[in-house]
Amino acid sequence: MNLFDYLETALDTFDERPLGPVDSAALSQFCMVRGEGVIPAALWRGSAIARLRAWVSRPARFSDLLRAERYDGLFCGLAPDGVKRELAALAASPRFRGLELRDYASRFDEAEHVQFSATTFVWRSPAGRDRDFAYMGFRGTDDTFTGWRENFDMALDPPVPAQRMAADYLESVARYLPRRLYVGGHSKGGNLATYAALRASEEVRSRIERVFDHDGPGFKAGFLGEGDFGPVRALIHRTVPEESVVGMLMDTPIEPRVVRSSAHGIDQHSVFTWEVDGNDFAYADALAPSAAFTHELMDDWLSSLAPEEAPRVVDALFRALEASGAQSVGAVIFSGADAPALLAEAARNLDRESRDVLLPALGKLAASAARAGAKGLSELF
């Protein structure tokens, strides 16, 4: 059973069964819908009166987005067709269709390398206000060059704007929400959800019942310490697929639950491929060797770059990606073993200074891959 099967068969309400990991995965994927003009905007940086006025405005429902004239450009991310199918299932589901959609926030700035969006979902319980809750979901990478550039910046100089905005959004919007809070996201959205919870005030943190991180990357080594995670460690439910790539990037002290997937390699990043068993995911005993390889490879490569070298490498990398003519960054980065060769070929279109920065860095990446591969072989024999 997959996520679509779950949405079509989960008929109980949130009063009958609390929100769980599969529910969070569904809502975090819905955050890939562009809600401008339909979902009431979050005026969390405006005056108190403006924020209150926005809060008492009519919330949206999933059905409000089921308009054919909106479908052109409504869905973004790595699996837009899956999100389109999911929207119809959410609008029909007795479990989800009553949720209020509100406090939509979105910012996209190419110059500042910012790609951020968040949506809040509110359950109003017929049984009373003490059963109400809000799920605050953060959008993952939308596969634009800007979105991916911000991902790379997370490994170089955190906190990036999206992380600061996520913390600001949680702290400011929470005051208008039911007391019970859930926070979550997929891919970069999982990282944002975790970071926002880490930076929350004690008053807001005490209201959070669970933080869901679905295959989100970690944090730059040394950026956060054990003390930062201490107050929220027990709240974080982290899930990654068996052959995780994105969830293996950078560092986090939170051990993941490993989910079975019907796909292979980077295609497992899509939660639409994750297997569901009843009301929860179907879990595996351990990560595949390829996931450990990815984590070791990227750690080794990043550590091989001098601090002053890394930003110049990333600048040259993205100039090469743009020069390659690729429709998306993911099409190149997730091309597996072919990625270094594709980037080296694209680098030929760069000016000499950029080539002189990027090509040696790609050589270091190839050397890191060779070392990680050799270590993997030695552990097998």
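Counting of residues starts from 1 at the beginning of each chain's written sequence and follows it residue by residue. Where local features are concerned, this predicted model is filtered to residues with pLDDT of at least 70; where side-chain atom pairs are given and counted, the filter is 80 or more; whole-chain, interface and lining totals use all residues. To obtain the side-chain values, all non-hydrogen atoms of the structure were included, while hydrogens and water were left out.

Notes on the overall build of the protein
Phase 1 of the analysis: Regarding its fold elements, the protein presents 14 helices and nine strands.
Phase 2 of the analysis: A 1.4 Å probe rolled over the protein chains alone gives each residue an accessible area, and that area as a share of the maximum for its type sets the label: buried under 20%, exposed over 50%, partly exposed in between. A burial count over the protein gives 54% of its 381 residues as buried.
Phase 3 of the analysis: Taking the intrachain contacts of the protein between residues at least 6 apart in sequence as the baseline, contacts between residues at least 24 apart amount to 73%.
Phase 4 of the analysis: Total accessible area on the protein is roughly 16300 Å²; 52% of this is exposed by carbon and sulfur atoms. Put simply, DSSP marks the helices as runs of H or I at least four residues long and the strands as runs of E at least two long, and each gets a number from the N terminus on. Contacts are assigned to residue pairs with any non-hydrogen atoms lying within 4.5 Å of each other. The protein chains shown are the only cover counted for residues, whose accessible areas, like all others here, come from Shrake-Rupley with a 1.4 Å probe.

What about the packing of aromatic side chains?
Phase 1 of the analysis: Classification of ring pairs rests on two measures: the distance between centres of Phe, Tyr or Trp rings, Trp counted by its six-membered ring, which must be within 6.5 Å, and the angle between planes, read as stacked under 30 degrees, edge-to-face over 60 and tilted in between. A full pass over the atoms with the stated rule returns 20 aromatic pairs.
Phase 2 of the analysis: Its guanidinium or amino end placed over the ring of F4, R85 lies 3.9 Å from that ring's centre, counting from NZ or CZ. The rule for a charge over a ring is simple: NZ of Lys or CZ of Arg within 6 Å of the ring centre, and within 35 degrees of the ring normal.

Quick word on the environment of A286
Phase 1 of the analysis: Structurally, the position occupied by A286 is in the loop between strand 9 (280-281) and helix 10 (289-304).
Phase 2 of the analysis: When its relative accessible area of 46% is taken as the criterion, A286 is described as partly exposed.
Phase 3 of the analysis: In sequence terms A286 and E242 are 44 residues apart; their C-alpha atoms lie 7.1 Å from each other.
Phase 4 of the analysis: What A286 contacts, discounting residues up to four positions off in sequence, is E242 and V258.

Let's talk about unusual backbone geometry
Phase 1 of the analysis: Cis geometry is adopted by the peptide bond preceding P159, which originates at P158 and carries an omega value of 0°.
Phase 2 of the analysis: Assignment of secondary structure puts P159 in the loop between helix 5 (145-156) and helix 6 (161-173).
Phase 3 of the analysis: Notably, M250 is not glycine yet its phi reads approximately 65°, a positive angle.

Describing the packing of helix 2 (residues 21-30) against helix 4 (residues 80-92)
For any two helices packed against each other, the geometry is given by the interaxial angle and the distance between the axes.
Phase 1 of the analysis: Orientation of helix 2 relative to helix 4, taken along the N-to-C sense of each, is 120°, at an axis distance of 10 Å. Taken together, the axis directions place helix 2 and helix 4 in an arrangement best described as oblique. For the element pair helix 2 and helix 4, the recorded crossing hand is left-handed. Where helix 2 abuts helix 4, its residues A26, L27, Q29 and F30 lie against V83, E86, L87 and L90.
Phase 2 of the analysis: Tallied by class, the residues present in the contact of helix 2 with helix 4 amount to six nonpolar, one polar and one charged. Comment: axis = line fitted to C-alpha atoms, over the contacting stretch for helices; angle = value between 0 and 180 degrees taken between N-to-C directions. Any angle from 65 to 115 degrees is called roughly perpendicular, while one under 35 is roughly parallel, one over 145 is roughly antiparallel, and all others are oblique. For a crossing to be left-handed, the near helix must be turned anticlockwise from the far one by less than a right angle; the clockwise case is right-handed. Under the convention adopted here, Pro, Cys and the residues Ala, Val, Leu, Ile, Met, Phe, Trp and Tyr are nonpolar, Asp, Glu, Lys and Arg are charged, and Gly plus all remaining residues are polar.

Remarks on the environment of Y195
Phase 1 of the analysis: In this fold, Y195 is placed in helix 7 (residues 188-198).
Phase 2 of the analysis: The exposure class of Y195 is buried, given its relative accessible area of 5%.
Phase 3 of the analysis: For the pair Y195 and R164, spaced 31 residues apart in sequence, the C-alpha separation works out to 8.5 Å.

Description of the packing of helix 6 against helix 7
Phase 1 of the analysis: Orientation of helix 6 relative to helix 7, taken along the N-to-C sense of each, is 55°, at an axis distance of 8 Å. When the axis of helix 6 is compared with that of helix 7, the two are oblique. In this structure, helix 6 crosses over helix 7, and the sense of that crossing is right-handed. Contacts between helix 6 and helix 7 involve A162, Q163, R164, A166, A167 and L170 from the former and K188, N191, L192, Y195, A196 and A197 from the latter.
Phase 2 of the analysis: A per-class count over the contact of helix 6 with helix 7 returns eight nonpolar, two polar and two charged.

Quick notes on the sheet that holds strand 2 (residues 114-123)
Phase 1 of the analysis: Pairing within the open sheet is mixed, and its seven strands lie in the order 1-2-3-4-5-6-7. In this open sheet, the two strands that pair with only one neighbour each are strand 1 (100-109) and strand 7 (257-259). Neighbour-to-neighbour, the strand axes of this sheet turn through a mean angle of 15°, independent of strand direction. Whether two strands pair comes down to DSSP finding at least two bridges between them.

Notes on the nonpolar core
Phase 1 of the analysis: Within the largest apolar cluster, 45 residues are counted, with the highest numbers of intra-cluster contacts made by F30, F62, L65, F96 and F121.
Phase 2 of the analysis: Contributing elements (two or more residues each) for this core: helix 1 (3-9), helix 2, helix 4, strand 1, strand 2 and strand 3 (133-138).
Phase 3 of the analysis: In contact with F30, not counting residues within four places along its chain, are I39, F62, L65, E86, L87, L90, L101 and F121. Remark: nonpolar core denotes a set of buried residues (Ala, Val, Leu, Ile, Met, Phe, Trp, Tyr, Cys) joined through side-chain atoms within 4.5 Å.

Here we look at the pattern of salt bridges
Phase 1 of the analysis: Throughout this description, the term salt bridge denotes a Lys or Arg side-chain nitrogen within 4 Å of a carboxyl oxygen of Asp or Glu. Overall, the coordinates contain 18 salt bridges when judged by the stated rule.
Phase 2 of the analysis: E100 serves as the salt-bridge partner of R124, at 3.4 Å between the closest nitrogen and oxygen. On the criterion of sequence distance, the pair formed by R124 in the loop between strand 2 and strand 3 and E100 in strand 1 is long-range, its members being 24 residues apart.
Phase 3 of the analysis: Here R124 falls in the partly exposed class, since its relative accessible area comes to 36%.
Phase 4 of the analysis: The salt bridge involving K364 is made with E309; its shortest N-O contact spans 3.3 Å. Note that K364 is positioned in helix 14 (residues 352-380) and E309 in the loop between helix 10 and helix 11 (310-324), a separation of 55 residues in sequence.
Phase 5 of the analysis: You can call K364 partly exposed: its relative accessible area is 29%.
Phase 6 of the analysis: Salt bridges linked by common partners bring D12, R17, D23 and R95 together as one network.

Considering the pairing of strand 5 (residues 208-214)
Phase 1 of the analysis: Where burial is concerned, most of strand 5 is hidden: five out of the seven residues are buried.
Phase 2 of the analysis: Bridge analysis of strand 4 (residues 180-186) against strand 5 gives six bridges, and the strand direction is parallel. Considered in strand 5, the bridge of H186 is made with H214.

Description of the confidence of the model for the protein
Phase 1 of the analysis: Considering every residue of the protein, the mean pLDDT works out to 88; 90% of them sit at 70 or more.
Phase 2 of the analysis: Confidence scores per residue from the predictor, reported as pLDDT, run from 0 to 100. Note that pLDDT drops below 50 for residues 377-381; the model gives that stretch zero contacts with residues more than four away or on any other chain.

So, the pairing of strand 1
Phase 1 of the analysis: Bridge analysis of strand 1 against strand 2 gives eight bridges, and the strand direction is antiparallel. For F108, the partnering residue across the bridge sits in strand 2 and is Q115.

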